[in-house]
Amino acid sequence: MTETTTTKYGAAKVEHQGAISRFLEATEINTRLLGMLGALLIIWLGFHFYGEIFIGRGSFLTPRNLWNLSVQTSSIGIMSTGMVLVIITRNIDLSVGSMIGVIGMAMGLLQVEILPQYVGLGHWSIWILAVITGLVLGTVIGAFHGWLIAYRKIPAFIVTLGGLMVWRGMAFLSANGRTISPVDPTFALLGGGPYGAVGEVGSWIVGIVACVGVVWMLYSGRQASKRHDFKLKPMWAEIFIAVVGCGAIISSVLLVNAYPWPKGILKAYGRAHDIDMTGVFVSHGFAIPVLILLAVGIAMTFLMTRMRFGRYVYAIGGNPEAAALAGINTRWMTLKIFALMGMLTSISAVIASARLNSATNALGTLDELYVIAAAVIGGTSLTGGVGTIYGAILGALVMQSLLSGMVLIGFDSAIQRVVVGSVLVLAVWIDTVYNSRKN
Amino acid sequence: MSNTDKIPLIKMTDISIAFGGIKAVDHVDIDLFPGEVVAVLGHNGAGKSTLIKILSGAYKRDSGKIFVRGEEADINNPRDAKKYGIETIYQTLAVADNVDAAANLYLGREILTKIGTLDDTAMEAEARKVMGRLNPNFQRFKEPVSKLSGGQRQSVAIARAILFNARILVMDEPTAALGPQETEQVGELIHQLKKDGIGIFLISHDIHDVFDLADRIAVMKNGKMVGYANTKDVTKDEVLGMIILGKCPPAAIPGPGAMQEA
Ligand SMILES: Nc1ncnc2c1ncn2[C@@H]1O[C@H](COP(=O)(O)OP(=O)(O)OP(=O)(O)O)[C@@H](O)[C@H]1O
Ligand SMILES: [Mg+2]
């Protein structure tokens, strides 16, 4: 639409573009964010209407699919926030998929075979002990990788390539390839599913808290600028951001609440609680893994933008020598970054094994590639120094949308890989072109 | 100029470092007094940058001692050096290209809020003040340093060094990327800092850059010290002779690297 008006009226074009760029400048909206949202929109609409036209039923833009999509994105999304830090500091971690395997097995064995011997089957503490053990194990493995890289000066590529093989092998050895299931029922909630979601009221609470958070952040940012007499954003821009932000939050609440429990679950629930549930509309609400992703995303964004740690991560990525000369202990930072990556991986391992309701030695296979792809599609530069948390999460969402969209329209996994691989290369190419235009 | 009765701000004695087989700095002595500018001169590869990197903690010396105000200093990393009030502007500038000017000024010494988060607005406000002194036209505080011109980046590096009340300032080719006007500003700044009693090492491979600013010169060649001289006692040509041939004029005090007269 813009195209037609601009070609007809040359003068209007200048005015028009001026307005757009002025708008972007005033709201400080990042064009790359817009690009990603645009790509996401195209992918979603594309799959939906492809289904509509060729299969006679568009099933992508339904509460059910989008809810599932959000759950599927959680595990990769959480790890991608850590991968951003790893890649910003010019390293790579190829071992996260295998780490999921070994951590998943450790937690599975613990809650299914070891702990019940001591505290009894179904004890309330089992899931907590399992999760804590997983977190510690992931952090320790990550820290060990980081130590080898930073203090023993072995390239990250090699250390984590070794890790990719070692930890996958360990996952197998830990139970001789057996599948461990079922996991503790409370633990299983962390993987989502009808019970592993916070329901209608819970989702509204999350949504309202999030909206208040958005408004408060805008307000306190404005106050800080005022204190130092900096140029303020125009009021309309602040309001625009608040409205769009809260609008998006409320829409997502409405969306997850529009997805009801299926009949089978209703019946089972009714039977268990001795009530008649036929015809009752019970909303899923936000799935727990999605809330975990949200919490991780907020915490990591805070870490990267408001804390010294994040500032140092960027500085090391931009110029490692300068960072060291400024007195930053770059080795210690590298170790901490990999430890953090390990911890995030163990959170993903919790979600992945809980979702599967079992631990298998193949859990997380190929995840490292998806995680790296998510970070890169989200704008993390492999040359270091550049990358954002929200970008990586959006990258994970783009990738997961492609994967599950192709499943919906019946493409098999071979085609899925061809497409995801191509999109990865395409995304980086577009980025390169965009960046060279800008400079 | 008789400094012998005062305690030097910095005294480095018998400093050596080798990279593989190369003796980059070979038994060098040098000192610096409050309010004094000492120019360290020498060819490309003479070992000037290496010497000052030892002082700033970037390199670990193989041997030798460093004294700060008469007391032996324990400098093993850049953080230690900063604790002694030694600030360095590196030849490579050593700025993190992908973060903005304020973040660079405070890199490693960020201002934090009460709850321990970065106080970016406070840092930007301070950055504006310091940069205003150095380069009043500078306005691009929010952009990554990579977007700045060479001279602007240099101003950022200089501002970072003077921001923290340095007692000792080391400037490795500080005006290399600057235009005449900015160079003049750096010259003025050096005069001003001198008056505040700050000692300055000014490193250059070009005598013309520093002759008017320096109180004393020290010339290095192949990692060794050729000699020292008060700037007013020697001519530019004599100093050139020291740099190129290692030949010490009569007014200079020869060091171990001086050409032996037959
Ligand atoms: N990190 C290093 N590893 C190996 N050799 C080095 C290193 N740093 C410096 N050198 C060597 O030490 C010698 C002195 O180098 P230095 O950078 O101190 O010279 P300089 O006097 O500062 O020269 P310029 O005027 O070009 O800056 C050179 O031969 C150089 O190749
Ligand atoms: Mg040098």
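Residues numbered from 1 in each chain as written. Chains lettered and ligands numbered in written order. Predicted model: local features only at pLDDT ≥ 70, side-chain atom pairs only at ≥ 80, totals over all residues. Heavy atoms only, no water.

Let us now look at the coordination of the magnesium ion (ligand 2). Around the magnesium ion (ligand 2), the protein supplies Ser49 of chain B (OG) and Gln91 of chain B (OE1) as donor atoms, at distances of 1.9 to 2.1 Å. Of this pair, Ser49 of chain B sits in helix α1 (residues 48-55) while Gln91 of chain B sits in the loop between β6 (86-89) and α3 (101-105), and the two are 42 residues apart along the sequence. (Donors = N, O, S within 2.8 Å, 3.2 Å for Na, K, Ca; no water. Helix = DSSP H or I, 4+ residues; strand = E, 2+ residues; numbered from the N terminus.)

Okay, the interface of chain A and chain B next. It is common to give the size of an interface as the accessible area that goes away when the parts come together. Facing the 27 residues of chain A at the interface are 28 residues of chain B. Taken as a group, Phe230, Arg311 and Leu325 of chain A account for 30% of the area that chain A buries against chain B, more than any other trio of residues on that side. Between Glu321 of chain A and Lys53 of chain B there is a salt bridge whose closest N-O contact spans 3.8 Å. For the pair chain A and chain B, the interface holds 11 residue pairs in polar contact (both at pLDDT 80 or more). Broken down by secondary-structure element, the contributors of at least two residues to the side of chain A that touches chain B are α9 (199-227), α12 (288-306), α13 (308-318) and α14 (320-325) of chain A. With 7 residues, the single largest contributor to the side of chain A that touches chain B is α13 of chain A. Here the residues of the side of chain A that touches chain B sort into 13 nonpolar, 10 polar and 4 charged. (Contact = heavy atoms within 4.5 Å. Buried area = accessible area lost by both parts, 1.4 Å probe. Salt bridge = Lys/Arg side-chain N within 4 Å of Asp/Glu carboxyl O. Polar contact = N/O pair within 3.5 Å; in protein donor to acceptor, adjacent residues only side chain to side chain. Nonpolar A, V, L, I, M, F, W, Y, C, P; charged D, E, K, R; others polar.)

On to the site of ligand 1. All names here are of chain B. Around ligand 1, the surrounding shell holds 14 residues, and the nearest of these are Gly45, Lys48, Ser49, Thr50 and Gln91. Residue Gln91 places a side-chain N or O atom 2.9 Å away from an oxygen atom belonging to ligand 1. Relative to its unbound accessible surface of 640 Å², ligand 1 loses 66% to contact with the protein. For the shell around ligand 1, the leading source of residues is α1, giving 3 residues. Of the residues contributing to the shell around ligand 1, the split by class is 4 nonpolar, 8 polar and 2 charged. (Near = heavy atom within 4 Å. Areas by Shrake-Rupley, 256 points an atom, 1.4 Å probe, with all protein chains shown as cover.)

All names here are of chain A. Together, Leu41, Leu45, Phe49, Tyr50, Ile53, Phe54, Ile55 and Leu61 make up a nonpolar patch on the protein surface, roughly 760 Å² of accessible area in all. By the secondary structure assignment, Tyr50 is in helix α3 (residues 31-55). A residue is classified by how much of its surface remains accessible, and Tyr50, at 31% relative accessible area, is partly exposed. (Patch = residues over 30% accessible without salt bridge, like charges linked within 9 Å, V, L, I, M, F, W, Y side chains within 5 Å. Buried < 20%, exposed > 50% of the residue type's maximum accessible area, 1.4 Å probe, protein only.)

Residue and element names in this part refer to chain A. Under the domain assignment used here, chain A contains domain 1 (53-197 + 289-410) and domain 2 (198-286). Computed from C-alpha atoms alone, the centre-to-centre distance between domain 1 and domain 2 is 25 Å. Contacts between domain 1 and domain 2 engage 9 residues on the former and 14 residues on the latter. For the pair domain 1 and domain 2, the two sides together bury roughly 1,200 Å², of which 80% comes from carbon and sulfur. A per-residue breakdown of the area domain 1 buries against domain 2 is headed by Trp67, Pro194 and Tyr195, which together make up 44% of the total. On the surface where domain 1 and domain 2 come into contact, there are 0 salt bridges. Across the domain 1-domain 2 interface, the total number found is 3 residue pairs in polar contact (both at pLDDT 80 or more). (Domains from an automatic or database assignment.)

A cluster of basic residues, Arg152, Lys153 and Arg331 of chain A together with Lys60 of chain B, forms a positive patch on the protein surface. Its location among the elements puts Arg331 of chain A in helix α15 (residues 330-356). Overall, Arg331 of chain A belongs to the partly exposed group, its relative accessible area being 34%. (Lys, Arg positive; Asp, Glu negative; His and termini not counted. Charge placed at Lys NZ, Arg CZ, Asp CG, Glu CD.)

Let us look at the sheet that holds strand β9 (residues 216-221) of chain B. All names here are of chain B. If you trace the 7 strands from one edge of the open sheet to the other, you get β6-β7-β8-β3-β9-β10-β11, paired in mixed fashion. Of all the strands in the sheet, just β6 and β11 (253-254) have a single pairing partner and so form its edges. Sheet topology places strand β10 (residues 224-230) next to β11; 2 bridges connect them, and they run antiparallel. By the bridge assignment, Gly227 is partnered in β11 with Pro254. (Pairing = 2+ DSSP bridges.)

As a further point, take the packing of aromatic side chains. Inspection of every chain in the model, using the stated rule, returns 12 aromatic pairs over all chains. Aromatic pair Tyr195 of chain A and Trp261 of chain A: ring centres 5.4 Å apart, planes at 85°, arrangement edge-to-face. Separated by 66 residues along the polypeptide, Tyr195 of chain A in the loop between α8 (185-189) and α9 and Trp261 of chain A in the loop between α10 (235-257) and α11 (263-273) bring together distant segments of the chain. On the basis of relative accessible area, Tyr195 of chain A is assigned to the partly exposed category, the value being 43%. Judged by its relative accessible area of 12%, Trp261 of chain A is buried. Summarising the aromatic geometry, the rings of Phe19 of chain B and Tyr59 of chain B are spaced 5.2 Å apart at their centres and angled 75° between planes, so their arrangement reads as edge-to-face. (Phe/Tyr/Trp six-rings, centres within 6.5 Å; stacked < 30°, edge-to-face > 60°.)

Each C-alpha atom of the pair Arg331 of chain A and Ala258 of chain A lies 49 Å from the other, and the pair is 73 residues apart in sequence. Discounting residues that sit within four places of it in the chain, Arg331 of chain A has contacts with Ala150, Tyr151 and Lys153 of chain A.

Bringing the packing of helix α5 (residues 96-119) of chain A against helix α16 (residues 367-377) of chain A into the picture now. Residues and elements named next belong to chain A. Here α5 crosses α16 at 130°, and the two axes come no closer than 6 Å. The orientation of α5 relative to α16 falls into the category oblique. Contact with α5, carried on its side by Val96, Gly97, Ser98 and Ile100, involves Asp367, Glu368 and Val371 of α16 and no other residues of that element. Grouping the amino acids of the contact of α5 with α16 by side-chain chemistry returns 3 nonpolar, 2 polar and 2 charged. (Axes fitted to C-alpha atoms, helices over the stretch in contact; angles between N-to-C directions. Parallel < 35°, antiparallel > 145°, perpendicular 65-115°, else oblique.)

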